[in-house]
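Listed below, chain by chain, are the residues.
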Amino acid sequence: MNQLYLFATLAGTRVAVETREVEAVVKLTDISPVPGMGAHVAGLSALRSRVLTIIDVAALVRGRPTPMEQRGFAIIADISGHSYGLMVDAVYDICQVPEGELPLRGQLDPVWSPYARGLVEHEGQPYLLVSLSGFIEAGAVAQAA
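**With respect to the overall build of the chain**
Working step 1: Looking only at helices and strands, one finds two helices and ten strands in the chain.
Working step 2: N-terminal to C-terminal, the α/β element order of the chain is β-β-β-β-β-α-β-β-β-β-β-α.
Working step 3: In terms of C-alpha radius of gyration, the chain reaches 15 Å, essentially the compact-globule figure of 15 Å for 145 residues.
Working step 4: When the backbone C-alpha atoms are referred to their principal axes, the chain occupies close to 45 × 30 × 30 Å.
Working step 5: Counting over 145 residues, the chain shows a buried share of 48%.
Working step 6: When the accessible surface of the chain is summed, it comes to about 7700 Å², and 53% of that surface belongs to carbon and sulfur atoms.

See below:
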């Protein structure tokens, strides 16, 4: 199997993301708020001559926006032809995991159930396997509601 994963913390939870979904990890600079958007849309930012929609995953998952002073990094992804930056608490590593994806087991915090696909174990620790597009799809549903 040997799938390559990015290991990070999103909204206080250890997560793994398949690297095929990740374009880059960048330090966030200026984020311009967009009036009328849901709390999960932190705003717009520029990266290499293109506009990114910055998604505050903590606001989407936990209902609490990330404080300005804690907005450090974002995972950049192209989802359905649009560029997004998903704010992360921290990024730890990128590596192959021979076991690959494992099924979910045990108690899962209900706020993560719309985003969780499985588990990935790295250095003896479980990481929740999430899909970046899942956060965008859930945000669209939240915005429509």
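**Some points on the packing of aromatic side chains**
Working step 1: For the structure on display, the rule yields five aromatic pairs.
Working step 2: Joined through ring pairs, the aromatic side chains of Tyr5, Phe7 and Tyr127 make up one cluster.
Working step 3: Over the aromatic face of tyrosine 127 sits the side chain of arginine 14, whose NZ or CZ is 5.5 Å from the ring centroid.

**Examining the sheet that holds strand E10 (residues 125-130)**
Working step 1: Spatially, the five strands line up as an open sheet ordered E8-E1-E2-E10-E9, and their pairing is mixed. Looking along the sheet, the strands with just one partner apiece sit at the ends: strand E8 (90-97) and strand E9 (116-122). Across this sheet, the average inter-strand angle for adjacent strands is 35°, counted without regard to direction.
Working step 2: For E9 and E10, the ladder comprises six bridges, and the chain directions are antiparallel. Note that in E10 the partner of alanine 116 across the bridge is valine 130.

**A few points about the nonpolar core**
Working step 1: In terms of nonpolar packing, the biggest core is built from 28 residues, with Leu10, Leu86, Trp112, Val130, Leu132 and Phe135 touching the most fellow members.
Working step 2: Looking at this core, the elements with two or more residues in it are strand E1 (3-10), strand E2 (13-18), helix H1 (57-62), strand E6 (73-79), strand E7 (82-88), E9, E10 and helix H2 (132-144).
Working step 3: No other element matches H1, which puts four residues into this core.
Working step 4: If we skip the residues at most four places from it in the chain, leucine 10 touches Val15, Val57, Met87, Val88, Asp89, Trp112, Val130 and Phe135.

**Section: the pairing of E2**
Working step 1: Across the six residues of E2, five count as buried, placing the element largely inside the fold.
Working step 2: The pairing of E1 with E2 spans six bridges and is classified as antiparallel. Residue alanine 8 lies in a different strand from E2, and its bridge partner there is valine 15.
Working step 3: Two successive antiparallel strands, E1 and E2, enclose a turn made up of two residues, where alanine 11 displays a positive phi of approximately 50°.

**Details of the environment of isoleucine 94**
Working step 1: Positionally, isoleucine 94 belongs in strand E8.
Working step 2: The class of isoleucine 94 is partly exposed, set by a relative accessible area of 48%.
Working step 3: Separated by 87 residues in the primary sequence, isoleucine 94 and phenylalanine 7 place their C-alpha atoms 6.2 Å from one another.

**Some words on unusual backbone geometry**
Working step 1: Of note in the backbone geometry, alanine 11 takes a positive phi value of approximately 50° without being a glycine.
Working step 2: In this fold, alanine 11 is placed in the loop between E1 and E2.
Working step 3: For alanine 11, a relative accessible area of 12% gives the class buried.
Working step 4: A positive phi angle, near 50°, is found at glutamate 123, a position not held by glycine.

Rules of the game
- Residues numbered from 1 in each chain as written.
- Predicted model: local features only at pLDDT ≥ 70, side-chain atom pairs only at ≥ 80, totals over all residues.
- Heavy atoms only, no water.
- Helix = DSSP H or I, 4+ residues; strand = E, 2+ residues; numbered from the N terminus.
- Rg over C-alpha atoms; globule rule 2.2 N^0.38 Å.
- Buried < 20%, exposed > 50% of the residue type's maximum accessible area, 1.4 Å probe, protein only.
- Areas by Shrake-Rupley, 256 points an atom, 1.4 Å probe, with all protein chains shown as cover.
- Phe/Tyr/Trp six-rings, centres within 6.5 Å; stacked < 30°, edge-to-face > 60°.
- Lys NZ or Arg CZ within 6 Å of the ring centre and 35° of its normal.
- Pairing = 2+ DSSP bridges.
- Axes fitted to C-alpha atoms, helices over the stretch in contact; angles between N-to-C directions.
- Core = buried A, V, L, I, M, F, W, Y, C linked by side-chain atoms within 4.5 Å.
- Contact = heavy atoms within 4.5 Å.

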